[in-house]
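# Chains, contacts and geometry: an overview
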Amino acid sequence: MSALHIKKGSTSHSAYNLRPTFSDVEERHTLAVLVENEPGVLARVIGLFSGRGYNIDSLTVAEVDHTGHLSRITIVTTGTPQVIEQIKAQLGRIVSVREVHDLTVEGRAVERELAMLKVAGQGDKRVEALRIAEIFRAKVVDSTLSSFVFEITGTPEKIDALADLMRPLGLVEIARTGIAALLRGD
Amino acid sequence: MVIQALKDQGVDTVFGYPGGAVLPIYDEIFQQNEIRHILVRHEQGAVHAAEGYARSTGKPGVVLVTSGPGATNAVTGLTDALLDSIPLVVLTGQVPTFMIGSDAFQEADTVGITRPCTKHNWLVKDTDKLSGVIHEAFHVATTGRPGPVLVDIPKDVQFATGAYKKPAPEKSTYNPQVKGDNESIAELVAAIETAKKPVFYTGGGVINSGPEASRLLRELVEATGIPITSTLMGLGAYPASGKHWLGMLGMHGLYEANMAMHDCDLLIAIGSRFDDRITGKIDAFSPRSVKAHIDIDPSSINKVVRCDIPIVGDVATVLEEVLSIWKSRGSKTNAEGLTRWRSKIAEWKKINCLAYNGSTKTIKPQYALERLEALTKDRDRYICTEVGQHQMWAAQFLGFEDPNRWMTSGGLGTMGYGFPASIGVQIAHPEALVINVAGEASWLMNMQELGTVTQFDLPVKQFILNNERLGMVRQWQELLHGERYSHSWSESLPDFVKLADAFGAKGILCKDPADLDDAIMEMLNHDGPVIFDCLVEKHENCFPMIPSGKAHNEMLLGEADTQGVIDSKGSVLV
Ligand SMILES: Cc1ncc(C[n+]2csc(CCOP(=O)(O)OP(=O)(O)O)c2C)c(N)n1
Ligand SMILES: [Mg+2]
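Residues numbered from 1 in each chain as written. Chains lettered and ligands numbered in written order. Predicted model: local features only at pLDDT ≥ 70, side-chain atom pairs only at ≥ 80, totals over all residues. Heavy atoms only, no water.

Looking now at the side chain of Glu554(B). Residue and element names in this part refer to chain B. Secondary-structure assignment places Glu-554 in the segment after β18 (530-535). Assessed through its relative accessible area of 8%, Glu-554 is described here as buried. For Glu-554, the side chain forms a polar contact with the main-chain nitrogen of Ala-551, separated by 2.7 Å. (Helix = DSSP H or I, 4+ residues; strand = E, 2+ residues; numbered from the N terminus. Buried < 20%, exposed > 50% of the residue type's maximum accessible area, 1.4 Å probe, protein only. Polar contact = N/O pair within 3.5 Å; in protein donor to acceptor, adjacent residues only side chain to side chain.)

Moving on, we come to the pairing of strand β5 (residues 120-123) of chain B. Residues and elements named next belong to chain B. Bridge count for β5 against strand β6 (residues 148-154) is 4 bridges, and the pairing is parallel. Each residue of the ladder has a partner; that of His-120, found in β6, is Val-149. Crossover handedness for the path β5 to helix α7 (residues 127-142) to β6: right-handed. (Pairing = 2+ DSSP bridges. Right-handed = clockwise from strand over helix to strand, strands pointing away.)

Bringing the site of ligand 1 into the picture now. All names here are of chain B. The full set close to ligand 1 counts 17 residues, and Gln-389, His-390, Gly-413, Ser-442 and Gly-471 are the nearest of them. Backbone polar atom of Met-415 to a nitrogen atom of ligand 1: 3.4 Å apart, as the coordinates give it. Separating an oxygen atom of ligand 1 from a side-chain N or O atom of Ser-442 is a distance of 2.6 Å. Starting from 590 Å² of accessible surface for ligand 1 in isolation, the protein chains cover 76%. Mapped by element, the contributors of at least two residues to the shell around ligand 1 are α17 (389-397), α19 (440-445) and α21 (471-480). (Near = heavy atom within 4 Å. Areas by Shrake-Rupley, 256 points an atom, 1.4 Å probe, with all protein chains shown as cover.)

So, about the environment of Arg469(B). Residue and element names in this part refer to chain B. Inspection of the secondary structure assignment puts Arg-469 in the loop between β16 (461-466) and α21. Sequence separation between Arg-469 and Glu-559 is 90 residues, and the spatial gap between their C-alpha atoms is 18 Å. Excluding residues within four positions of it along the chain, Arg-469 makes contact with Glu-440, Arg-474, Ser-488, Trp-489, Ser-490, Lys-538 and His-539. (Contact = heavy atoms within 4.5 Å.)

All right, on to the packing of aromatic side chains then. Counted according to the given criterion, the structure contains 12 aromatic pairs over all chains. Both rings, one in Phe463(B) and one in Phe532(B), keep their centres 4.9 Å apart while their planes meet at 40°; by these two values the pair is tilted. In this pair, Phe463(B) is assigned in strand β16 and Phe532(B) in strand β18, connecting sequence segments 69 residues apart. Note on accessibility: Phe463(B) and Phe532(B) belong to one class, buried. Grouping aromatic residues by their ring pairs yields a cluster made of Tyr201(B), Phe274(B) and Phe285(B). Arg126(A) extends its terminal NZ or CZ atom over the ring of Phe148(A), reaching a point 4.2 Å from the ring centre. (Phe/Tyr/Trp six-rings, centres within 6.5 Å; stacked < 30°, edge-to-face > 60°. Lys NZ or Arg CZ within 6 Å of the ring centre and 35° of its normal.)

In this section: helix α12 (residues 255-263) of chain B. Because each turn of an α-helix spans 3.6 residues, side chains separated by three or four positions end up pointing in the same direction. Among the 9 residues in α12(B), 9 count as buried, and that is most of the element. Turning to α12(B), its buried residues number three or more, namely Tyr255(B), Glu256(B), Ala257(B), Asn258(B), Met259(B), Ala260(B), Met261(B), His262(B) and Asp263(B).

Time to look at a negative patch on the surface. Negative charge collects at one region of the surface, where Asp181(B), Glu183(B), Glu187(B) and Asp308(B) lie side by side. Following the sequence through the fold, Asp181(B) ends up in the loop between α8 (155-159) and α9 (182-194). (Patch = residues over 30% accessible without salt bridge, like charges linked within 9 Å, V, L, I, M, F, W, Y side chains within 5 Å. Salt bridge = Lys/Arg side-chain N within 4 Å of Asp/Glu carboxyl O. Lys, Arg positive; Asp, Glu negative; His and termini not counted. Charge placed at Lys NZ, Arg CZ, Asp CG, Glu CD.)

Residue and element names in this part refer to chain B. Donor atoms from the polypeptide that bind the magnesium ion (ligand 2) are Glu-440 (OE), Glu-440 (OE), Asn-467 (OD1) and Arg-469 (O), placed at 2.1 to 2.7 Å. Geometry at the magnesium ion (ligand 2) is irregular, judged from the 6 donor atoms that bind it and their angles of 50 to 173° at the metal. Positions of the donor residues of the magnesium ion (ligand 2), expressed as sequence spacing, correspond to E-x26-N-x1-R. (Donors = N, O, S within 2.8 Å, 3.2 Å for Na, K, Ca; no water. Tetrahedral: all angles 85-135°; square planar, octahedral: opposite > 155°, others 65-115°.)

Bringing the layout of surface pockets into the picture now. When its volume is computed, the second largest pocket comes out at roughly 1200 Å³. Around the second largest pocket, the lining comprises 34 residues; the ones closest to its centre are Glu36(A), Glu38(A), Trp122(B), Lys129(B) and Val133(B). Listed by contribution, the elements that provide at least two residues to the lining of the second largest pocket are β5 and α7 of chain B. Broken down by class, the residue content of the lining of the second largest pocket amounts to 11 nonpolar, 11 polar and 12 charged. (1 Å grid on protein atoms, 1.4 Å probe; cavity = no way out; pocket = protein on both sides within 12 Å on 5 of 7 lines; lining within 4 Å. Points joined across faces, edges and corners; volume = space filled by probe spheres on them. Nonpolar A, V, L, I, M, F, W, Y, C, P; charged D, E, K, R; others polar.)

All names here are of chain A. Partitioning chain A into domains gives domain 1 (27-106) and domain 2 (109-183). On a C-alpha basis, the centres of domain 1 and domain 2 stand 28 Å from each other. Counting residues at the interface gives 10 residues for domain 1, matched by 10 residues for domain 2. Of all residues in domain 1, Arg-28, Thr-60 and Leu-103 bury the most surface against domain 2, accounting for 48% of the area lost on that side. Put simply, domain 1 and domain 2 have 1 salt bridge between them. Between Glu-111 and Arg-28 there is a salt bridge, with the nearest N and O atoms lying 4.0 Å from each other. In this structure, the connection of domain 1 to domain 2 is made through 4 residue pairs in polar contact (both at pLDDT 80 or more). Of the residues assigned to the side of domain 1 that touches domain 2, the class counts are 3 nonpolar, 4 polar and 3 charged. (Domains from an automatic or database assignment. Buried area = accessible area lost by both parts, 1.4 Å probe.)

Our next topic: the pattern of salt bridges. Residues and elements named next belong to chain B. Taken as a whole, this structure holds 29 salt bridges over all chains when the rule is applied. With a closest N to O distance of 2.6 Å, Arg-405 and Asp-380 form a salt bridge. Placement of Arg-405 in the loop between α17 and β14 (406-407) and of Asp-380 in the loop between α16 (365-376) and β13 (381-385) is noted, with a sequence separation of 25 residues between them. Each of Glu-212, Arg-215, Glu-219 and Lys-327 takes part in a single network of salt bridges with overlapping partners.

Further remarks concern the packing of helix α4 (residues 124-135) of chain A against helix α5 (residues 156-166) of chain A. Residues and elements named next belong to chain A. α5 packs onto α4 with a crossing angle of 165° between their chain directions and a minimal axis gap of 10 Å. On the basis of their axis angle, the class for α4 and α5 is roughly antiparallel. α4 and α5 meet at a crossing whose hand is right-handed. Within the contact between the two elements, α4 uses Ala-129, Ile-132 and Ala-133 and α5 uses Leu-162, Leu-165 and Met-166. (Axes fitted to C-alpha atoms, helices over the stretch in contact; angles between N-to-C directions. Parallel < 35°, antiparallel > 145°, perpendicular 65-115°, else oblique. Left-handed = near helix turned anticlockwise from the far one by under 90°.)

Residues and elements named next belong to chain B. Enumeration over the complete set of coordinates arrives at 2 cavities of 30 Å³ or more. Space inside the second largest cavity adds up to approximately 30 Å³. Forming the walls of the second largest cavity are Glu-51, Arg-55, Asp-80, Asp-84, Ile-86, Met-233, Met-407, Thr-408 and Tyr-417. Among the residues forming the lining of the second largest cavity, the class breakdown is 4 nonpolar, 1 polar and 4 charged. Composition of the lining of the second largest cavity by domain shows at least three residues from each of domain 1 (2-171) and domain 3 (365-542).

Here we come to a nonpolar patch on the surface. A cluster of nonpolar residues, Leu42(A), Ile46(A), Ile56(A) and Val61(A), forms a patch on the protein surface that exposes about 270 Å² of accessible area. Position of Val61(A) relative to the elements: it lies in strand β2 (residues 58-65).

With that out of the way, let us pick up the state of the cysteines. Cysteine pairs can be covalently joined through their sulfur atoms, and such a bond is termed a disulfide. Residues and elements named next belong to chain B. Within this structure, the stated rule accounts for 0 disulfides over all chains. Cys-307 carries a free sulfur, and the closest cysteine sulfur to it, the one in Cys-264, is 13 Å from it. Look at Cys-307 and you get buried, because its relative accessible area is 13%. (Disulfide = S-S within 2.5 Å.)

Our focus in this paragraph is the sheet that holds strand β8 (residues 228-230) of chain B. Residue and element names in this part refer to chain B. The 6 strands are arranged β9-β8-β7-β10-β11-β12 in an open sheet whose pairing can be described as parallel. Looking at strand neighbours, the two that pair on one side only are β9 (245-248) and β12 (309-312), the edges of this open sheet. Here the strands of the sheet are splayed against their neighbours by 15° on average, with no regard to which way each runs. In the sheet, strand β10 (residues 266-270) pairs with strand β11 (residues 290-295) via 5 bridges, with the strands oriented parallel. Across the sheet, residue Leu-266 finds its bridge partner in β11, namely Val-290. On the sheet, helix α14 (residues 315-328) packs against β10, β11 and β12 and is oriented at approximately 130° with respect to β11.

Here it is, written out as structure tokens:
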């Protein structure tokens, strides 16, 4: 009945591969999300990421305005520009989300993370660990004859670098907070 | 307190099912007469009935169910309403606050389970906050992009007395943008003025925006003469008898509608979301058009298809602005281009894509719907459907002249939706003719609601196109799986006439095309619920069809087209 030519053979993209024509270069973005501090709000945000298959590289959350009942969630995520736009729009749809800021595009942001590293060892290694900690301006917050706990604040890269150096010197445990970020200037 | 809040929200009907955790609220219901409670036979039925009520009135549907199994039974309906943006307020009972977390009898983490399938939900642990939350629930369900919300109320909170607050929507922190950006609107108007091959692609958002949106859409279409197509969810916003109507688009949409989408140079999406049933193969979707998109939900824009002119706002508000700017700039269109475009479309229409082989021996489903249309179209009519081939045929063969007259499960494709939805519609419109076009398999999924229908004397007409097959599944197996019909036939079907009789409804069986008109008239003339068992051709396929992974211009029009068309890549799609 039809005069249509129906091509055979494979199609390059499926209808479920929803963004085939968009740039597929992944970018890393830091988002600041102000939310109403109510039960379940973090589950809403995390559920959005898991339910729609987005990445979370880092996530921190704490109340920032007690009287206004507001918490600030800082999320570091990676995705193509279209995915990042979707993430922001989807976050904006959540009823308890008040504001979504993309610190990566809104201006230059200061990003800091806090970490604690436990380094165990004796002799030269112990001295060397202390010396390196000083170079990184890490503080000693606990000390025994055979171990230190260092506290360091800095960019994630700086913390990575310190951890790399401490590993051969007896790094046994590390706890990191994830990133907190603010825009520079006013 | 709960009932007072519902009254202050103007609620006249609640669909529900009682249980231990909602007894205090049921006690309140017992002691008043302003709010009518419709006792369904399954909580899923309550939610779909509320959807039918909401979709046909524009008001939010209200549901009341108990904790645990009552709440989990509501989940399918909530998901359905979320995907189709239907405003619902669902109240669930919960075990008392001091027992939460103890795996108490009929305890379920209702807010946890329903978080991804509601627009928002609340667990209320303090009676003083209860009325405020219920009012906020109505505000959230109906503001912005509508959707289902849920309020979980522990039993001790229901029993306690607390401070009652009147509705105060102006105090809410939830206030989505409704007014479109003027610069983008002006850009759209400029595009309308010069486009040679423009097309409107409208969706359920137009209907959700309210009757004014449909009125403005009609005015804009008539004034500009731009052809218009719609998604399944948007049918009725522009009348099927309208001069510029192309018919539905998408996987089972009309040839002329899909070809117009493919070939257009300006695509104006209004309250539609570029669903995969609509776009087909995404990188071949409307390849040469400038795309404008009006939607109240910013996340719909650029989600699937890159948009050139994004306009975030309420459809009615934006269309009013589009019209006024277009008029103030002199009501211009590219007349020459449009004339050529319309004659191109007229050529496509000549293909007559809905043609089918008639039969004098068996009732063709298309024929059954043609006759149903002819015999009911002048009545005050509401149509619901289940999910499957019959749904697509209903969308193709019935004409919708007004919004809010067509209730179907679009986004979720929920078998079992139509029967309870028809109950909700009939409750809202007691005098109207309410027909559920059903497939036998879907209909059985919520057939227990026959009890509701006879209890409340609801004259709904269940028009079952009985092909004794899970027809849509069978069609896919024919096209994709070498005609291996794995579990896609309806075995051990009940005798629908006897079934109707058993519940106190009327049953009609029809299998001869020559008897069809009389049988339909008998159904229409019966003042009460009817189950119409229409035995139709068993292996009829629904065309046109865009196979998964194919482009709009690769549509199949009939049996002859179907040999080996869906390749292995396409077959992984649903
Ligand atoms: C709850 C649910 N389960 C399964 C499906 C998958 N499905 C889609 S259509 C269909 C067959 C429907 O058969 P019927 O209601 O008889 O309609 P027909 O296609 O025969 O007109 C099935 C099983 C679905 N959409 N919903
Ligand atoms: Mg069937």
